[in-house]
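Report on the structure
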Amino acid sequence: MIFLLEEPSMKAFLVEFLPRLIPGWCHEEHFLLVPHEGKSDLEKSIARKLSAWREPGARFVIVRDNDGANCAALKARLLGLCQGASRHVLVRLVCQELEAWYLAQPDALAGTYPSRAKAIKRMARRHNDPDACAKPSRELARVIPEFQKQDAARRLARLLAVDDTRSASFRVFVSGVQQLAASAGGMAP
């Protein structure tokens, strides 16, 4: 399975998280992560990568931050970029950005940044629906001054609960990847 990603921090997250989600999966054996330098770089490369990929039957997952866009329109536009490639493609939007998935699990955040646990809990109460938070990365940086995207992605990927989260976009991502892995005959939970 090939994951086309908007940014390197999602790669750092998924390299740790996917083997937890699908036991037995190994990076570069069962899945490949292809990060891009932002949404425009990702979108420019989708059609080209889908058409040029040599492995027959390869399945793709496109992962992009929503960043406040209309979800249905954005997903339709991304699927439109896949037209004509004759590939199985799953599009998953992260609402609004990867850091919302962390905000949805304050216990994991507090475990990663124990000196900021009280402030993290207060922040989480203010954001009952983390997917609706416009800039979760800004919120996290405000409450956790030492927060760095790559480091947080690696650390939190090891701690986030697969099935106990307040983030609907995380649940949809998890479910979609599990279903795609099972339908591909790959290892599934």
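Residues numbered from 1 in each chain as written. Predicted model: local features only at pLDDT ≥ 70, side-chain atom pairs only at ≥ 80, totals over all residues. Heavy atoms only, no water.

**Description of the nonpolar core**
Phe3, Phe13, Leu14 and Tyr102 are the most contacted members of the largest nonpolar core, which totals 43 residues. The biggest single contributor to this core is helix 1 (residues 8-21), with seven residues. In this structure Tyr102 touches Phe13, Leu109, Leu140, Phe147, Ala152, Ala153, Leu156 and Leu160, once residues within four positions along its chain are discounted. (Core = buried A, V, L, I, M, F, W, Y, C linked by side-chain atoms within 4.5 Å. Buried < 20%, exposed > 50% of the residue type's maximum accessible area, 1.4 Å probe, protein only. Helix = DSSP H or I, 4+ residues; strand = E, 2+ residues; numbered from the N terminus. Contact = heavy atoms within 4.5 Å.)

**Some points on unusual backbone geometry**
Cis geometry is found at the peptide bond from Cys95 to Gln96, where omega equals -15°. Following the sequence through the fold, Gln96 ends up in the loop between strand 4 (88-94) and helix 4 (99-103). Even without glycine at this site, Glu28 takes up a positive phi of about 70°. Of note, Glu28 is situated in the loop between helix 1 and strand 2 (32-35).

**Some points on the environment of Gln105**
Of note, Gln105 is situated in the loop between helix 4 and helix 5 (106-112). Separated by 60 residues in sequence, Gln105 and Thr165 place their C-alpha atoms 5.9 Å apart.

**Brief notes about the packing of helix 2 (residues 39-52) against helix 3 (residues 71-81)**
Here helix 2 crosses helix 3 at 40°, and the two axes come no closer than 8 Å. Here helix 2 lies oblique to helix 3, going by the angle between them. Facing Glu43, Ile46 and Ala47 of helix 2, the residues of helix 3 in contact are Leu74, Arg77, Leu78 and Leu81. Considering only residue class, the contact of helix 2 with helix 3 consists of five nonpolar, no polar and two charged. (Axes fitted to C-alpha atoms, helices over the stretch in contact; angles between N-to-C directions. Parallel < 35°, antiparallel > 145°, perpendicular 65-115°, else oblique. Nonpolar A, V, L, I, M, F, W, Y, C, P; charged D, E, K, R; others polar.)

**Quick word on the pattern of salt bridges**
When the charged atoms of two side chains with opposite charge come close together, those side chains can pair. Within this structure, the stated rule accounts for 11 salt bridges. Residue Lys135 is joined to Glu97 by a salt bridge in which the shortest nitrogen-to-oxygen separation is 3.5 Å. Residue Lys135 is found in the loop between helix 6 (117-126) and helix 7 (136-143), and its partner Glu97 is found in the loop between strand 4 and helix 4; the two are separated by 38 residues along the sequence. Taking relative accessible area as the criterion, Lys135 reaches 32% and is therefore assigned partly exposed. A salt bridge links Arg116 to Glu146; the nearest nitrogen and oxygen atoms lie 3.2 Å apart. (Salt bridge = Lys/Arg side-chain N within 4 Å of Asp/Glu carboxyl O.)

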